[in-house]
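# Structural description and commentary
Spelled out from the first residue to the last, the chains are:
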Amino acid sequence: VDRFSPASLEALLGCPLEWALRYRAGARAGGHALPPLYLLNGSLGHRLVELLHGDGAFELEEADLRHQAETRLETLFRREGAVLLRPGMGFERGQLERQLVGAVLELSRLLRSAGLRIAGVEQTVEASWQGGKLEGRLDLLVATRDGRYAIIDMKGGMSIYRDLLRSGLALQLAAYAFAHGGEADPAAWP
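Presented here is an overview of the structure given in this document. Computed from a predicted model, the values in this text were never measured in an experiment. (Residues numbered from 1 in each chain as written. Predicted model: local features only at pLDDT ≥ 70, side-chain atom pairs only at ≥ 80, totals over all residues. Heavy atoms only, no water.)

## Describing the overall build of the protein
When helices and strands are counted, the protein shows 7 helices and 4 strands. Mapped in sequence order, the helices and strands of the protein form the string β-α-α-α-α-α-β-β-β-α-α. Across the 190 residues of the protein, 32% fall into the buried class. The long-range share in the protein, meaning contacts at least 24 apart out of those at least 6 apart in sequence, stands at 57%. When the accessible surface of the protein is summed, it comes to about 11800 Å², and 54% of that surface belongs to carbon and sulfur atoms. (Helix = DSSP H or I, 4+ residues; strand = E, 2+ residues; numbered from the N terminus. Buried < 20%, exposed > 50% of the residue type's maximum accessible area, 1.4 Å probe, protein only. Contact = heavy atoms within 4.5 Å. Areas by Shrake-Rupley, 256 points an atom, 1.4 Å probe, with all protein chains shown as cover.)

## Section: the environment of G181
Its location among the elements puts G181 in helix α7 (residues 171-181). Since its relative accessible area comes to 15%, G181 is described here as buried. For the pair G181 and Y149, spaced 32 residues apart in sequence, the C-alpha to C-alpha distance is 9.5 Å.

## Regarding the pattern of salt bridges
Inspection of every chain in the model, using the stated rule, returns 9 salt bridges. Between E122 and R137 there is a salt bridge; the shortest N-O distance is 3.5 Å. Placement of E122 in strand β2 (residues 117-129) and of R137 in strand β3 (residues 132-143) is noted, with a sequence separation of 15 residues between them. E126 is the salt-bridge partner of K133, the closest N and O atoms lying 3.9 Å from each other. Using a relative accessible area of 24% as the deciding quantity, one classes K133 as partly exposed. (Salt bridge = Lys/Arg side-chain N within 4 Å of Asp/Glu carboxyl O.)

## Digging into the nonpolar core
Core analysis: the biggest nonpolar cluster contains 28 residues, and L44, L52, F58, L84, V104 and L140 have the highest contact counts within it. Broken down by element, this core gets its largest block of residues, 7 residues, from helix α5 (residues 90-114). Grouped together as the second largest cluster of nonpolar side chains are 15 residues, W19, V125, L141 and A179 included. (Core = buried A, V, L, I, M, F, W, Y, C linked by side-chain atoms within 4.5 Å.)

## Side note on the pairing of strand β4 (residues 149-152)
Bridge count between β3 and β4: 4 bridges; the pairing is antiparallel. Within β4, the residue paired with L141 across the bridge is I151. Remark: 5 residues form the turn of the hairpin made by β3 and β4, two consecutive strands paired antiparallel; G147 in that turn has positive phi of roughly 90 degrees. (Pairing = 2+ DSSP bridges.)

This is the structure:
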């Protein structure tokens, strides 16, 4: 059975040769043992939200959430982002801490003002599609009090994603909504 993710679909639509080499032939570009800093920053941000959700921290008052986020982030730097603890990385680490803690606080404010709660973090979804499987992982699945769902895909500062949403070309979110909604009425999709 063919398995597709939003990333593989984007590769297929953007460059069929890349898709064939990467997803069919399994060819991978060589590279460094450490991820580029922007990928590490994104991973740390995702993990921070995941851990805070597991702690129930999004239910806390803002000052307590801030403290919990700072504490969790300090531990994450040691466990998953040690490259940021190297000499000379203090500025980058401090900047990332301000950005991630600020993003967590803003996420909490937005969720509260919209009457939403986090229903799932890094939730795996799968649906039948074109004789194969469409699969992925939702960054955040949020729900209203009456049980309606929405999907939040966390991205870091790149305006290209905003442009994709505005132009109706946000394939990743569309695929996730389809996979989460399954065969249900499209009007009920997140």
